[in-house]
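Descriptive structure summary
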Amino acid sequence: MLLIECPWCGKRDESEFSYAGEAHIARPLETGKLSDAEWADYLFMRKNPKGAHREQWLHAAGCRRYFNAERDTVSYQIKSTYKIGETPSEDRA
Ligand SMILES: [Zn+2]
């Protein structure tokens, strides 16, 4: 059984969570000035790394809040979880 730590609720079974895509995707400020290719890149193009990846998760069967996780895509190990807007542990000095 894989446990995922929600920043608000603590460790819960993975079945309570839903993957919500890559984290730290910033919406462009001036969308009207983007070319079709730049807009498509923002909407559809995502990283697919082998190894460390920052992702959004939803605690769907719990507090229903989104949070970020640092997960290894090879081992599935979640290194840390943190609230939206917080700094990942790897970036803290
Ligand atoms: Zn929660």
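Here's a quick rundown of the structure.

1. Details of the nonpolar core
One finds I4, C6, F17, W57, F67 and A69 forming the largest nonpolar core, which totals 6 residues. Elements with a minimum of two residues in this core: strand 1 (3-6) and strand 5 (66-72). Those residues in contact with I4 that sit more than four places away from it in its chain are G10, K11, R12, E14, F17, W57, F67 and I78.

2. Remarks on the pairing of strand 1
The side-chain alternation of strand 1 yields one buried face, formed by I4 and C6, and one unburied face, formed by L3 and E5. Summarising the sheet, strand 1 and strand 2 (residues 10-13) pair through 4 bridges and their orientation is antiparallel. Bridge pairing in strand 2 links C6 to G10. If you look at the hairpin formed by strand 1 and strand 2, you'll find 3 residues sitting between the two strands.

3. Focus on the coordination of the zinc ion
Those donors, C6 (SG), C9 (SG), H59 (ND1) and C63 (SG), are the protein atoms that reach the zinc ion, and they lie 2.1 to 2.3 Å from it. Viewed at the metal, the 4 donor atoms of the zinc ion are separated by angles of 105 to 118 degrees, and the geometry they form is tetrahedral. Considered as a linear motif, the donors of the zinc ion on their single chain read C-x2-C-x49-H-x3-C.

4. Considering the layout of surface pockets
Taking a probe equal in size to a water molecule and rolling it over the atoms shows the remaining empty space. Considered as a void within the structure, the largest pocket measures approximately 250 Å³ in volume. Looking at the largest pocket, it is lined by 15 residues, and the ones nearest its centre are A52, H53, R54, E70 and R71. Of all the elements in the fold, those that place two or more residues in the lining of the largest pocket are strand 4 (52-58) and strand 5. Its residues assigned to classes, the lining of the largest pocket shows 4 nonpolar, 3 polar and 8 charged.

Conventions we followed
- Residues numbered from 1 in each chain as written.
- Predicted model: local features only at pLDDT ≥ 70, side-chain atom pairs only at ≥ 80, totals over all residues.
- Heavy atoms only, no water.
- Core = buried A, V, L, I, M, F, W, Y, C linked by side-chain atoms within 4.5 Å.
- Buried < 20%, exposed > 50% of the residue type's maximum accessible area, 1.4 Å probe, protein only.
- Helix = DSSP H or I, 4+ residues; strand = E, 2+ residues; numbered from the N terminus.
- Contact = heavy atoms within 4.5 Å.
- Pairing = 2+ DSSP bridges.
- Donors = N, O, S within 2.8 Å, 3.2 Å for Na, K, Ca; no water.
- Tetrahedral: all angles 85-135°; square planar, octahedral: opposite > 155°, others 65-115°.
- 1 Å grid on protein atoms, 1.4 Å probe; cavity = no way out; pocket = protein on both sides within 12 Å on 5 of 7 lines; lining within 4 Å.
- Points joined across faces, edges and corners; volume = space filled by probe spheres on them.
- Nonpolar A, V, L, I, M, F, W, Y, C, P; charged D, E, K, R; others polar.

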